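One letter stands for each residue in the lines below.
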Amino acid sequence: MVESQLRNRIGASVRRERTRRTWSAAELARRAGISKAGLSQLESGSGNPSVETLWAIATALEVPFAALVDQGDKGPTVIRAGDAPEVVAGSARYSAALLSACPPGARRDLYVVRAEPGQPRLSDPHQAGTIEHVVLMSGSALAGPVDDTQELGPGDYVVYRGDLPHTFEARSAGTSALLISELS
């Protein structure tokens, strides 16, 4: 579940980006493939969006995922292990916590991913030019393009195109990774 403060920030960000494009809620919902009622709940801060829903909205708006969840620059920020607000996936035991969003002009976002064995996290292609870097911190996982996943252990690194279908599948309990999403 997404905590209240994060839900409100996401709602305001989605509304800001939608308004910037002068789209109606119905238009964004259509482009993202979600219901208008779901979008309305999300924008009001009462929805509980999944990773999949937020990626669909970010893709439709042509903005990085981080633009919807970032808390902005408030000076030095320390995020203690386990304290970063997480957004969970709807189809897998997977969550992502944004650690650092891309400032204007830069093109990278930094996440901590926690995942448990079970259903893999399948990701649709992100914006053209997206590259993902993954460093496995604990556990074991399969990660990378759907047709060429790589087995990773603690400390292993993989880089792959994020603008193609890709996956992350925890192979052991307590799997965590550092994910850097880069747009060139």
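These figures come from a predicted structure and were not determined experimentally.

The rules behind these values
- Residues numbered from 1 in each chain as written.
- Predicted model: local features only at pLDDT ≥ 70, side-chain atom pairs only at ≥ 80, totals over all residues.
- Heavy atoms only, no water.
- Pairing = 2+ DSSP bridges.
- Helix = DSSP H or I, 4+ residues; strand = E, 2+ residues; numbered from the N terminus.
- Axes fitted to C-alpha atoms, helices over the stretch in contact; angles between N-to-C directions.
- Phe/Tyr/Trp six-rings, centres within 6.5 Å; stacked < 30°, edge-to-face > 60°.
- Buried < 20%, exposed > 50% of the residue type's maximum accessible area, 1.4 Å probe, protein only.

(A) Representation of the sheet that holds strand β4 (residues 121-123) within the structure. In spatial order, the strands read β4-β9-β6-β7; together these four strands make up an open sheet with antiparallel pairing. The sheet is open, and its two borders are formed by β4 and β7 (150-152), each paired with just one other strand. The sheet shows a mean angle of 15° between the axes of neighbouring strands, direction not considered. As defined by bridge partners, strand β6 (residues 141-145) adjoins strand β9 (residues 166-170) across five bridges and the pair is classed as antiparallel.

(B) Up close: the packing of aromatic side chains. Tallied over the entire structure, the rule returns three aromatic pairs. Taking 4.6 Å as the distance between ring centres and 25° as the angle between the ring planes, the aromatic pair formed by tryptophan 55 and phenylalanine 65 counts as stacked. Placement of the pair is tryptophan 55 in helix α4 (residues 51-61) and phenylalanine 65 in the loop between α4 and α5 (66-69), with a sequence separation of ten residues. One exposure class covers both tryptophan 55 and phenylalanine 65, and it is buried. On the basis of an interplanar angle of 65° and a centroid distance of 6.0 Å, the ring pair of tyrosine 94 and phenylalanine 168 is categorised as edge-to-face. With a gap of 74 residues between them, tyrosine 94 in strand β2 (residues 94-100) and phenylalanine 168 in strand β9 connect regions that are remote in the sequence. For the pair formed by tyrosine 94 and phenylalanine 168, the shared burial category is buried. Members of the aromatic cluster, connected to one another through ring pairs, are Trp55, Phe65 and Tyr111.

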